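Geometric and topological summary
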2 protein chains.
Amino acid sequence: MQRYHAEHAFVDGAWQGDVGIDVDAGGYIAAVQAGVPAEGRERIRGWVLPGLPNLHSHAFQRAMAGLAERASDPADSFWTWREQMYRCAAWLTPDRLRIVASQLYLEMLEAGYTHVCEFHYLHHAPDGRPYAPLESMLDALREAAAEVGIGLTLLPVLYQTGGLDGRPLAERQRRFGSDLDTYLRLLEAASRPLHPHQRAGVCFHSLRAVPEPSMRQVLAAAAEELPVHIHVAEQEAEVEDCLRLRGRRPVRWLLDEIGIGPRWCLVHATHVDAGECAALAASGAVAGLCPTTEANLGDGLFPLRAYLDAGGRWGIGSDSHVCVSPVEELRWLEYGQRLWHRRRNVVAAEGRGCGEVLLQGALAGGAQASGVRVGRIAPPDARGAWRADWIVLDPEADALAGARAEDVLDRWIFAAARPSVDAVMSAGVWQVRQGRHRLREAVSARFTRLMSDFAARAVAGQAD
Amino acid sequence: MQRYHAEHAFVDGAWQGDVGIDVDAGGYIAAVQAGVPAEGRERIRGWVLPGLPNLHSHAFQRAMAGLAERASDPADSFWTWREQMYRCAAWLTPDRLRIVASQLYLEMLEAGYTHVCEFHYLHHAPDGRPYAPLESMLDALREAAAEVGIGLTLLPVLYQTGGLDGRPLAERQRRFGSDLDTYLRLLEAASRPLHPHQRAGVCFHSLRAVPEPSMRQVLAAAAEELPVHIHVAEQEAEVEDCLRLRGRRPVRWLLDEIGIGPRWCLVHATHVDAGECAALAASGAVAGLCPTTEANLGDGLFPLRAYLDAGGRWGIGSDSHVCVSPVEELRWLEYGQRLWHRRRNVVAAEGRGCGEVLLQGALAGGAQASGVRVGRIAPPDARGAWRADWIVLDPEADALAGARAEDVLDRWIFAAARPSVDAVMSAGVWQVRQGRHRLREAVSARFTRLMSDFAARAVAGQAD
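Given the structure is predicted, the values throughout are model-derived calculations rather than measurements.

Here we take up the sheet that holds strand β17 (residues 436-437) of chain A. Residues and elements named next belong to chain A. The sheet built from eight strands is open, its strands ordered β3-β2-β1-β4-β14-β15-β16-β17 with mixed pairing. Looking at which strands have only one partner, the edges of the open sheet turn out to be β3 (29-33) and β17. Across five bridges, strand β1 (residues 2-11) lies against strand β4 (residues 42-50) in parallel orientation. Of the residues in β4, the one forming a bridge with Ala-9 is Val-48. Each of β1, β2 (14-23), β4, β14 (390-393) and β15 (421-426) is contacted by helix α13 (residues 405-415), which is oriented at about 60 degrees to β4, the strand it contacts most.

Okay, structure coming up:
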């Protein structure tokens, strides 16, 4: 048992002082008690918060962050960004993916994410043939997560068609595609207990990539406790296609035809009408919001205020990783709403500042979408113990200078242009100290070499 | 003469290699030449860019960054934020202002700003009586800028009325108010050459705070080479008031009645119609855009695409300092446009990525609004030399790993969640090395003590 003493810890939604936290050998919290002496415990200076779950990641896209900001075509949109993404995807092998994912997951930990849901569709070789073993790409992600010590919900993606009309996959989509049998083998591989703090979930790429019968068959075959993730209603074109071909908007179609509940994470769900918004909230599913990627792609804004009024659950994802910072996701989630409604403090509630509402929402929804016991610093309850995932904010960070406890969350989320995360524990292990991951030097050097190679190939015009 | 050798420098809008830069004893660039050997020169590793001018700052508001994110009033708006701001303003003395401004200006340098336009209206004691000497608050700002080594355009603000209807100042606005004679004495004090790299400019708080005759008298009395700054059209309520009381929208009124040109910086100018947008662009004035503050306040979005199409000039300001990062200002300036237009790469041009367009716009417009020769790394020309203000991006920063020159600006502006500025030179002096200002420890400790005192007073309910 490891025993810690936190000067200040955010315990079950409130700041407490002199908090003793005991962590068992498996990396779970065995006991939490406020007002205990520090003697005999490892002291933690600063503001201790639960680590943030990142509910949506495409790890490989980290390799192209910032490389698609230059097309001058006035009709440029999500769809031209997708071309760039396909080029990057074509270059990746299992070894390269592992190097990119290790760097990304390390950056996540340094930024304050301690768990990630990996929405993974790069399953096969570029020509569509399976790797040997089949799960080589899944293993690359699992090894990366285990190496740097971030919790992982691995979501192998079912990807079968090139559009809602059922057209076959395009040439560049071939490595994404799997028949049902192959998909279930991937899901089984993702579920094997190779590393601690890793689990699997079911994943459908989108309505345009998964025919209805396949969706039903996978749901019938998969274990009921697995989370289910899907991209939905990110683009207006998708809503128009769905209305034309299925007579309903995408989220409405899912609600009516498939039936969604707390297992589900609907990623983006940007374009919902008032009825879909209320029904999604009532379903108990999680809306997977990715504010920086959705802004980078020009997607639009999710109707967060109405959704919160209806009791909706939500979390954040860094998605394309053009930004790896939970603070920037949360800040601009709120700012998007302020610009839309032309008023301040849109998510604030009676006695709760925007920072607290945002943090608590992202913790609870992110944990639900991840299907793991994270997002709280609290003693075990009837459902079991909480994983010892926490981050420590530097009390001397510019944004927190001289702060009172009640102002810490607002100041961190709204006023911290520089990172304020000093230390990070994931599953009972300190992975980050003084803002740096224990493996930063080696992991970053490897990543930089790989990116130099990627850049050189871009100059030479080589796909691989 | 100091001689430098930059591995890569952004010279007059293009990346060049092995760039020799000579800096004279006054802190200006005497010569620039690409392709020179490094021998006998101080070597600079990394990507060297001009430092960014910050065209709009209210330094004192740094003390309240992140402290106004909690009102739960559904009618909350700019105007309730203003109440918080008045409370903070009431607490400030010249000594306190100097401590806050030193911290802020140091943070600006670390973030990549090397010059700041200080829009300063906290002139007098809280009861409205003048300090002795009159310019005590101006001096506090000048000392802060000189201490940490940032260039300063000091803009004493004329503030006379409490609304467009000419009503007198409210109680809490009394320390802002000056008669014309006092104002001109403040302007004269700001113009005295106390410290190098500091100059003055004329400043009107807003149409609601400055009656038309006062504006005309100040413009007639002030030297013609001084820049002129004004807040305008930030809030829709202001546009409505102006339409009702003056029969025209605020920017239109300024264009028609006062006549604006390249000396002018119209701060915000958020709510302009198509005609105002085109006329503002044609005037040669600078639009002073403050994306993070405008988002924090829920102001709305400036029509940047149409303004660029009309050849408009613009720059960025950190304004309330809820964010001190030129990268976040530029990134979210573009992202706001993407969310509005629902497409990507809104500001990109033929052969020029978003990052380059944004950086060049902010450098040129910021320099124009500052009235100083900054924003370029280039040899002297017919109008004189350019100040030696530059920033060095760390080639090993996550966002820049393995980058090609053509991708550096996009990757820095769009993909850098963590700061990438390694070193900063302002007026020929290295103020920041390895990401830290040379005075960080002492300045931050002083600021932290002050903020602890501010927090304690808030708890005790004391105004001062």
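For the rest of this paragraph, the subject is the environment of Ile258(A). All names here are of chain A. Here Ile-258 is to be found in helix α7 (residues 250-258). A C-alpha to C-alpha distance of 55 Å links Ile-258 and Glu-39, two positions 219 residues apart in sequence. Sequence-distant contacts of Ile-258, defined by excluding residues within four places in its chain, comprise Met-215, Arg-216, Leu-219, Trp-253 and Trp-264.

Below, the discussion takes up helix α11 (residues 326-341) of chain B. With 16 residues, α11(B) ought to run about 22 Å at 1.5 Å a step, and its terminal C-alpha atoms sit 23 Å apart, in line with that. Positive phi appears at Arg342(B), one or two residues downstream of α11(B), with a value of about 50 degrees.

Taken as a whole, this structure holds 31 aromatic pairs over all chains when the rule is applied. Between Trp91(B) and Phe454(B), the aromatic rings sit 4.2 Å apart at their centres with planes inclined by 35 degrees, giving tilted as the arrangement. Note that Trp91(B) is positioned in helix α1 (residues 78-91) and Phe454(B) in helix α14 (residues 440-460), a separation of 363 residues in sequence. As far as burial versus exposure is concerned, Trp91(B) and Phe454(B) are alike and both buried. One aromatic cluster is present, built from ring pairs that chain together Trp332(A), Tyr335(A), Phe414(A), Trp332(B), Tyr335(B) and Phe414(B). In this structure, Arg246(B) is placed above the aromatic ring of Trp253(B), and the distance from its NZ or CZ to the ring centre is 4.4 Å.

To continue, consider the nonpolar core. Nonpolar side chains tend toward joint burial in soluble globular proteins. Counting residues in hydrophobic clusters, the biggest one holds 281 residues, and the most contacted among them are Tyr105(A), Trp412(A), Tyr105(B) and Trp412(B). When sequence neighbours within four positions are dropped, the list of residues in contact with Trp412(A) reads Leu49(A), Leu52(A), Val327(A), Arg331(A), Leu359(A), Ile391(A), Leu393(A), Leu400(A), Ser420(A) and Val421(A). In terms of nonpolar packing, the next biggest core, distinct from the first, is built from 20 residues, Val11(A), Ile21(A), Trp386(A) and Ala388(A) among them.

Right, let's get into the state of the cysteines. Throughout the structure, instances matching the rule amount to zero disulfides over all chains. For the unlinked cysteine Cys265(A), the closest cysteine sulfur is that of Cys117(A), found at 6.9 Å.

Time to look at the packing of helix α11 (residues 326-341) of chain A against α13(A). Residues and elements named next belong to chain A. Direction vectors running N to C along α11 and α13 enclose 85 degrees, while the axes themselves pass 8 Å from each other. Taken together, the axes of α11 and α13 lie roughly perpendicular to each other. Only Trp-412, Ile-413, Phe-414 and Ala-415 of α13 make contact with α11, whose side of the interface consists of Val-327, Leu-330, Arg-331, Glu-334, Tyr-335 and Arg-338. For the contact of α11 with α13, a count of residues per class yields seven nonpolar, no polar and three charged.

What counts, and at which threshold
- Residues numbered from 1 in each chain as written.
- Chains lettered and ligands numbered in written order.
- Predicted model: local features only at pLDDT ≥ 70, side-chain atom pairs only at ≥ 80, totals over all residues.
- Heavy atoms only, no water.
- Pairing = 2+ DSSP bridges.
- Helix = DSSP H or I, 4+ residues; strand = E, 2+ residues; numbered from the N terminus.
- Contact = heavy atoms within 4.5 Å.
- Axes fitted to C-alpha atoms, helices over the stretch in contact; angles between N-to-C directions.
- Expected span 1.5 Å × (residues − 1).
- Phe/Tyr/Trp six-rings, centres within 6.5 Å; stacked < 30°, edge-to-face > 60°.
- Buried < 20%, exposed > 50% of the residue type's maximum accessible area, 1.4 Å probe, protein only.
- Lys NZ or Arg CZ within 6 Å of the ring centre and 35° of its normal.
- Core = buried A, V, L, I, M, F, W, Y, C linked by side-chain atoms within 4.5 Å.
- Disulfide = S-S within 2.5 Å.
- Parallel < 35°, antiparallel > 145°, perpendicular 65-115°, else oblique.
- Nonpolar A, V, L, I, M, F, W, Y, C, P; charged D, E, K, R; others polar.

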